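Observations on the three-dimensional arrangement
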Amino acid sequence: MRSRQRMFAAVMRLLLKCLRLGRRRRFRLLRQVEQLWHYGHLCLRSLLYNSFTNGDVVLDSLFEPVYWLVDHVTRWFGVVFVALVIGLTSSIVAIVYICLLPLILQTYTPAWICWHLAYGHWNLIMIVFHYYMAITTSPGHPPQAKNDLTGVSICRKCIAPKPARTHHCSICNRCVLKMDHHCPWLNNCVGHYNHRYFFSFCLFMTMGCIYCSISGWDMFRDAYAAIERMKLLEKERLQVAANQTYYQTPPPTFTFRQRAFHKSVVYLWVLCSSVALALGALTLWHAALITRGETSIERHINRKERQRLQKKGKVSIARGTGAGWGRARHDVPLPVLQVFRNPYSYGSWDNWKVFLGVDVPRHWLTRVLLPSPHLPHGTGLSWDLPPCVTEQRAPLLAI
């Protein structure tokens, strides 16, 4: 009896030891897993930590696959977009010459005929010239070899010198001087040497579309009413033909030429009005950027830099000029914060003269109102004061 009790007690002690040992091992395993998790989390944060990381950086990282897809689609479909621009513009010109010009010559007065012929052909020449120059002119690329330029950084993708205002184009896979953006409708980057051609094309194309929309408004209303009348008469003709034999079917009320004429006028007005609205908004946007002396990329950079300096309390929120001292209630002098200013801006009027290459008054005619292949100021590698600038404004805080 005692031997059985001893054996039972020994078995129970053995079971308790096994349970304690299993519990210790389980707790030890959980501690190891927890330590590994904290260690991995610390390593990940140490590798990805960046003091400049914010919500915009995280959002850009999430949209990186979308950017990659857009870059590759734009790269391969650039030729299609150029062909589309040429095809649509040619169709409008063909409609004007075939349908509208004979009507203008028959119904308008000689003064209005001279006006339409002069303005229409001048606008067409400016559109064709600037579009051809925009798609064929290289925007400018920095030299790949080492040079003696001061203040030049290194592009992380090209591993080559990167002058000021130069940015890397992921579609062209090259750095572009004074890059504004990559335009799929040009199949080319908009940079230092073709920025003026791009803006002039947008401006004159918008002017041409507005001209066609305004001058063809009455024709559009008549053509649209004629098309609606054609649809009504066609329905009535089909109802009559359904109750008659084949040989008694009446002929069509409108000829094929009349139908094509009315539909062409409606197509011209709708297309020109749509392009005028869309391209006009883009032209106004770029005109505002030119007035401030910055590109699309620089506007984004300047805005981010201005916000960063405002958070640090280094610049004021108001866009005033100068720096000095203020007065508190008890006549205690308070420092007035400096104002952020774009270093490449010379004032609104001088920015336009630098952009258009206007050095003397006659250049407004020979270089702006007439086709001109003149080069912009500077080489795009350094940004010295242009000779057409009247006075230089030293920036207080700028990038």
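Small disclaimer: the values here were computed from a predicted structure and weren't measured.

1. What about the confidence of the model for the protein?
Per-residue confidence for the protein gives a mean pLDDT of 81; residues scoring 70 or more make up 76%. Within the protein, no element has a lower average pLDDT than strand 7 (residues 325–327), which sits at 41, and none a higher one than helix 5 (residues 195–215), at 96. Contacts of residues 319–335 to residues separated by more than four positions or lying in other chains number 25 contacts, the stretch itself having pLDDT below 50. Below pLDDT 50 for its whole length, residues 394–399 participates in 23 contacts with residues either more than four positions away or in separate chains.

2. Quick word on the pattern of salt bridges
Under the counting rule described, the total for this entry stands at 6 salt bridges. Note that D218 is salt-bridged to R221, the shortest N-O span being 3.2 Å. One end of the pair, D218, and the other, R221, are both in helix 6 (residues 217–242), 3 residues apart, so they sit about a helical turn from each other. Taking the relative accessible area as the measure of exposure, R221 reaches 47% and is therefore partly exposed. In this structure, R292 engages E294 in a salt bridge whose closest nitrogen and oxygen atoms are separated by 2.9 Å.

3. Quick look at helix 7 (residues 256–292)
With 37 residues, helix 7 should reach 54 Å at 1.5 Å per residue; the first-to-last C-alpha distance of 53 Å fits that figure. A positive backbone phi angle near 70° is found at G293, which sits one or two residues after helix 7.

4. Description of the UniProt feature "transmembrane region" (unreviewed entry) in the protein
Annotation from UniProt places "transmembrane region" (unreviewed entry) at residues 76–100, 112–133, 197–220 and 266–288. The distance from the first to the last C-alpha atom of residues 76–100 is 37 Å, and the span holds 100% helix and 0% strand. End C-alpha to end C-alpha, residues 266–288 measures 33 Å, and it is 100% helix and 0% strand.

5. Quick word on the state of the cysteines
In this structure the tally under the stated criterion is 0 disulfides. Here C158 stays unpaired: no disulfide links it, and the sulfur of C175, its closest cysteine neighbor, is 3.7 Å away. C155 supplies the cysteine sulfur nearest to C175, a cysteine that is in no disulfide, at a spacing of 3.4 Å.

6. Quick look at the nonpolar core
The biggest cluster of nonpolar side chains holds 39 residues, and the ones touching the most others in it are Y131, L186, F198, F201, M205, L268 and C272. Looking at this core, the elements that each hand over two or more residues are helix 3 (64–107), helix 4 (110–136), helix 5, helix 6 and helix 7. Among the elements that make up this core, the one with the highest residue count is helix 5 (9 residues). Core analysis: the next-biggest nonpolar cluster, separate from the first, contains 8 residues, F199, A287, F355 and V368 among them.

7. Topic: the packing of aromatic side chains
Per the stated rule, a full pass over the model turns up 16 aromatic pairs. Seen from their ring centres, Y119 and W122 are 5.8 Å apart, and the 45° between their planes marks the pair as tilted. Of this pair, Y119 and W122 both sit in helix 4, 3 residues apart, which is roughly one turn of the helix. For Y119, a relative accessible area of 15% corresponds to the buried category. An aromatic cluster of at least three residues, connected via ring pairs, comprises W115, Y119, W122, F204 and Y211. When the ring centre of W383 is taken as reference, the NZ or CZ atom of R165 above it lies at 4.7 Å.

8. What to know about the packing of helix 4 against helix 5
Following both chains from N to C, one finds helix 4 and helix 5 inclined at 150°, their axes separated by 8 Å at the closest point. Taken together, the axis directions place helix 4 and helix 5 in an arrangement best described as roughly antiparallel. Crossing handedness for the pair helix 4 and helix 5: left-handed. For the contact of helix 4 with helix 5, the residue count by class is 16 nonpolar, 7 polar and 1 charged.

Reading the values: the criteria
Residues numbered from 1 in each chain as written. Predicted model: local features only at pLDDT ≥ 70, side-chain atom pairs only at ≥ 80, totals over all residues. Heavy atoms only, no water. pLDDT = per-residue confidence, 0-100. Helix = DSSP H or I, 4+ residues; strand = E, 2+ residues; numbered from the N terminus. Contact = heavy atoms within 4.5 Å. Salt bridge = Lys/Arg side-chain N within 4 Å of Asp/Glu carboxyl O. Buried < 20%, exposed > 50% of the residue type's maximum accessible area, 1.4 Å probe, protein only. Expected span 1.5 Å × (residues − 1). UniProt positions renumbered as here; feature names shortened; annotations may be inferred. Disulfide = S-S within 2.5 Å. Core = buried A, V, L, I, M, F, W, Y, C linked by side-chain atoms within 4.5 Å. Phe/Tyr/Trp six-rings, centres within 6.5 Å; stacked < 30°, edge-to-face > 60°. Lys NZ or Arg CZ within 6 Å of the ring centre and 35° of its normal. Axes fitted to C-alpha atoms, helices over the stretch in contact; angles between N-to-C directions. Parallel < 35°, antiparallel > 145°, perpendicular 65-115°, else oblique. Left-handed = near helix turned anticlockwise from the far one by under 90°. Nonpolar A, V, L, I, M, F, W, Y, C, P; charged D, E, K, R; others polar.

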